[in-house]
Amino acid sequence: MASRAPATGRLLVGFRKWYYNAAGFNKIGLMRDDTIHEDSDVKEALRRLPEKVYNDRMFRLKRALDLSMKQAVMPKEQWTQYEEDVHYLEPYLEEVIRERKEVEEWSKK
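This is a predicted model, so every value here is computed, not measured.

1. Considerations on the overall build of the chain
Phase 1: Within the chain, the secondary structure is distributed over four helices and zero strands.
Phase 2: When the helices and strands of the chain are read in sequence order from the N terminus, they spell out α-α-α-α.
Phase 3: Compactness check: the chain gives a C-alpha radius of gyration of 18 Å against a globular reference of 13 Å for 109 residues, more than 25% above the reference.
Phase 4: A total of 109 residues make up the chain; the buried ones form 24% of that total.
Phase 5: A separation of at least 24 residues holds for 82% of the contacts in the chain among residues at least 6 apart in sequence.
Phase 6: Carbon and sulfur atoms make up 58% of the accessible area of the chain, which totals about 8,200 Å².
Phase 7: Taken together, the 21 basic and 20 acidic charged side chains of the chain have centroids lying 5 Å from each other.

Put into structure tokens, the structure is as follows:
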């Protein structure tokens, strides 16, 4: 039974990599967090990003928009790799959501 767990884990990672590439955003140089819909929580999380991280995000978005307008993709060696995709926004977004829920709880009292 123990030998099945590593195989299942490898299969799951393989599926995640396949899905990551199938989504296509990496082919225009985006990271997963670049594709998150910008609601009020995300906008606040973006506001809290360090300047360099924010500027890097804006560069990727502008480059992706340019490529989309040209109906082009980056050369395969420049695609964002699954292993290189950093969830840079997630910690800030989790903090914003936690704070919002805390405020909502206080408002109920």
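2. Regarding the side chain of Asn26
Phase 1: With respect to the helices and strands, the residue Asn26 is situated in the loop between helix 1 (4-23) and helix 2 (40-48).
Phase 2: Residue classification places Asn26 among the buried positions, given a relative accessible area of 0%.
Phase 3: A polar contact is formed between the side chain of Asn26 and the side chain of Asn21, at a distance of 2.8 Å.
Phase 4: Setting aside anything within four residues of it in sequence, one finds Asn26 in contact with Tyr20, Asn21, Trp79 and Thr80.

3. Some details on the pattern of salt bridges
Phase 1: With the rule as written, the count across this model stands at 15 salt bridges.
Phase 2: In this structure, Arg100 and Glu104 form a salt bridge, with 3.1 Å as the shortest nitrogen-oxygen distance. Here Arg100 and its partner Glu104 are both found in helix 4 (residues 90-108), four residues apart, which amounts to about one turn of the helix.
Phase 3: Judged by relative accessible area, Glu104 falls into the partly exposed class, the value being 38%.
Phase 4: In this structure, Lys108 and Glu105 form a salt bridge, with 3.3 Å as the shortest nitrogen-oxygen distance. Note that Lys108 and Glu105 are positioned in helix 4 at a spacing of three residues, about one turn of the helix.
Phase 5: We classify Lys108 as exposed; its relative accessible area is 66%.
Phase 6: Taking the relative accessible area as the measure of exposure, Glu105 reaches 42% and is therefore partly exposed.

4. Some words on the nonpolar core
Phase 1: Ranked by size, the top nonpolar core spans nine residues in total: Met31, Val42, Ala45, Leu46, Leu49, Tyr88, Leu89, Leu93 and Val96.
Phase 2: Contributing elements (two or more residues each) for this core: helix 2 and helix 4.
Phase 3: With three residues, the top contributor of residues to this core is helix 2.
Phase 4: Every residue in contact with Leu49, bar those within four places of it in the chain, is listed here: Tyr54, Tyr88, Leu89 and Tyr92.

Definitions and limits used
- Residues numbered from 1 in each chain as written.
- Predicted model: local features only at pLDDT ≥ 70, side-chain atom pairs only at ≥ 80, totals over all residues.
- Heavy atoms only, no water.
- Helix = DSSP H or I, 4+ residues; strand = E, 2+ residues; numbered from the N terminus.
- Rg over C-alpha atoms; globule rule 2.2 N^0.38 Å.
- Buried < 20%, exposed > 50% of the residue type's maximum accessible area, 1.4 Å probe, protein only.
- Contact = heavy atoms within 4.5 Å.
- Areas by Shrake-Rupley, 256 points an atom, 1.4 Å probe, with all protein chains shown as cover.
- Lys, Arg positive; Asp, Glu negative; His and termini not counted.
- Charge placed at Lys NZ, Arg CZ, Asp CG, Glu CD.
- Polar contact = N/O pair within 3.5 Å; in protein donor to acceptor, adjacent residues only side chain to side chain.
- Salt bridge = Lys/Arg side-chain N within 4 Å of Asp/Glu carboxyl O.
- Core = buried A, V, L, I, M, F, W, Y, C linked by side-chain atoms within 4.5 Å.

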